[in-house]
Amino acid sequence: MYTLLSGLYKYMFQKDEYCILILGLDNAGKTTFLEQSKTRFNKQYKGMSLSKITTTVGLNIGTVDVGKTRLMFWDLGGQEELQSLWDKGAWPSPPLAGWWLQPSSMSSQYYAECHGVIYVIDSTDEERLSESKQAFEKVVASEALDGVPILVLANKQDVETCLSIPDIKTAFSDCTCKIGRRDCLTQACSALTGKGVREGIEWMVKCVVRNVHRPPRQRDIT
Ligand code: G3D
C-alpha cells in the first residue's frame, strides 16, 4: 500500500531531475544558450534580452522542464582560471546569490554528480579552436564522467563565416577515441536565434533518461 501511495505521490507531485553541466571556453555562448533554452521551454519565463548577455564569470543556474523531466543546468565560467574548477565543484563561500544547493553538496564534485554535459564551441573563433579542443579533451578524459552523455554544440552558426560541422569535427578528431561508448552528438546551433537549441535539449533528455547508471533525483513540482 505504501509503495502504491508513494508511487502515486511521485507521479502527481514530483519530477525526475537531471543535472547538466554547460562547459566551454568563455565567450562560446553558454549563458546565451541557457537563456534561450529557458525561454523556449519554460512558458512563464520572461527572459532577458539575449543581445545584452555578457560572458559568464562564476556560475549561472537554470532549470528547463521538458514534459515530466526537469533539467537543472549549471553554466560554469569558461575562463582559463575557472576551468580547473569544472571537475572540482569547490565554489567560494559565501554562496552566490540564488544558490540552490544545500551546503552539504557545495563541496561535492560537479562531474561526479552530473547526468550530462553540454560542451559549447564558438564556431566563429578559429583562433581559439585548439584551446577549446584541449579543454574538451580533459572533459572527455575525466573518469568521473565515464558514460555521461555529451552534447557538443557548434554555436554561432548564424554567422556566415563560421566553421562548419565537418571543420569542427576534424579539429576535434583526436578526442574521438576518448569519447568511448557514451552517447555523443555534435549539433549545429545558434544560441542567439534558437536554431538547434530544441533538438539539442530533446536529445539530451532522451540520453539522460535512458542512462540507468546515473538515476535522476526526485524534486517536488513547483
Ligand atoms: P559565455 O557565457 O560562454 O561566456 P555568452 O558566452 O553567452 O556571454 O556569449 C558571448 C558573446 O557571444 C555575446 O556577445 C553573445 O551575444 C554572443 N553569442 C552567443 N551565442 C551566439 C550565437 O549563437 N550567435 C552569435 N552571433 N553570437 C552569439 P557580446 O557581444 O555581448 O560579447
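What you see is a predicted model, and the numbers here were worked out from it, not measured in a lab.

**Description of the side chain of Asn 42**
Part 1 of the argument: Residue position: Asn 42 is located in the loop between α2 (30-41) and β2 (59-66).
Part 2 of the argument: Here Thr 63 takes part through its backbone oxygen, which lies 2.7 Å from a polar atom of the side chain of Asn 42.
Part 3 of the argument: Ignoring anything within four residues of it in the chain, the contact list for Asn 42 reads Ser 37, Thr 63, Val 64 and Asp 65.

**Some details on the environment of Ser 37**
Part 1 of the argument: Here Ser 37 lies in helix α2.
Part 2 of the argument: Leaving out residues up to four positions away in the same chain, Ser 37 has contacts with Asn 42, Val 64, Val 197 and Ile 201.
Part 3 of the argument: A polar side-chain atom of Ser 37 sits 2.8 Å from the main-chain carbonyl oxygen of Phe 33.

**Description of the nonpolar core**
Part 1 of the argument: Within the largest apolar cluster, 30 residues are counted, with the highest numbers of intra-cluster contacts made by Leu 21, Leu 23, Trp 74, Val 117 and Phe 136.
Part 2 of the argument: Counting only elements with at least two residues in this core, the list comes to β1 (14-23), β3 (69-76), α5 (110-113), β4 (116-122), α6 (129-141), β5 (150-155) and α7 (165-171).
Part 3 of the argument: At five residues, the largest contribution of residues to this core is made by α6.
Part 4 of the argument: Aside from chain neighbours lying at most four places away, what touches Val 117 is Ile 20, Leu 21, Leu 23, Val 139, Leu 145, Val 148, Pro 149, Ile 150, Leu 151 and Met 204.
Part 5 of the argument: Of all hydrophobic cores here, the second largest spans 24 residues; its members include Tyr 18, Ala 28, Val 197 and Ile 201.

**Some points on the pairing of β1**
On any regular strand, side chains alternate: one points to one face of the sheet, the next to the other face.
Part 1 of the argument: Burial of β1 is extensive: nine of the 10 residues sit out of reach of the surface.
Part 2 of the argument: Here β1 runs beside strand β7 (residues 217-220); their pairing, made up of four bridges, is antiparallel. Across the sheet, residue Glu 17 finds its bridge partner in β7, namely Arg 217.
Part 3 of the argument: Of the pairings in the sheet, the one linking β1 to β4 comprises four bridges and is parallel in character. Bridge pairing in β4 links Leu 21 to Val 117.

**Remarks on the packing of aromatic side chains**
Part 1 of the argument: Applying the stated criterion across every chain, the model contains four aromatic pairs.
Part 2 of the argument: Where Phe 33 meets Phe 73, the ring centres are 6.5 Å apart and the plane angle is 85 degrees; that geometry is what we call edge-to-face. Linking Phe 33 in helix α2 with Phe 73 in strand β3, this pair joins segments that are 40 residues apart in sequence.
Part 3 of the argument: Overall, Phe 33 belongs to the buried group, its relative accessible area being 1%.

Scoring rules and cut-offs
- Residues numbered from 1 in each chain as written.
- Predicted model: local features only at pLDDT ≥ 70, side-chain atom pairs only at ≥ 80, totals over all residues.
- Heavy atoms only, no water.
- Helix = DSSP H or I, 4+ residues; strand = E, 2+ residues; numbered from the N terminus.
- Polar contact = N/O pair within 3.5 Å; in protein donor to acceptor, adjacent residues only side chain to side chain.
- Contact = heavy atoms within 4.5 Å.
- Core = buried A, V, L, I, M, F, W, Y, C linked by side-chain atoms within 4.5 Å.
- Buried < 20%, exposed > 50% of the residue type's maximum accessible area, 1.4 Å probe, protein only.
- Pairing = 2+ DSSP bridges.
- Phe/Tyr/Trp six-rings, centres within 6.5 Å; stacked < 30°, edge-to-face > 60°.

Purely spatial values, then, with no claim about function.
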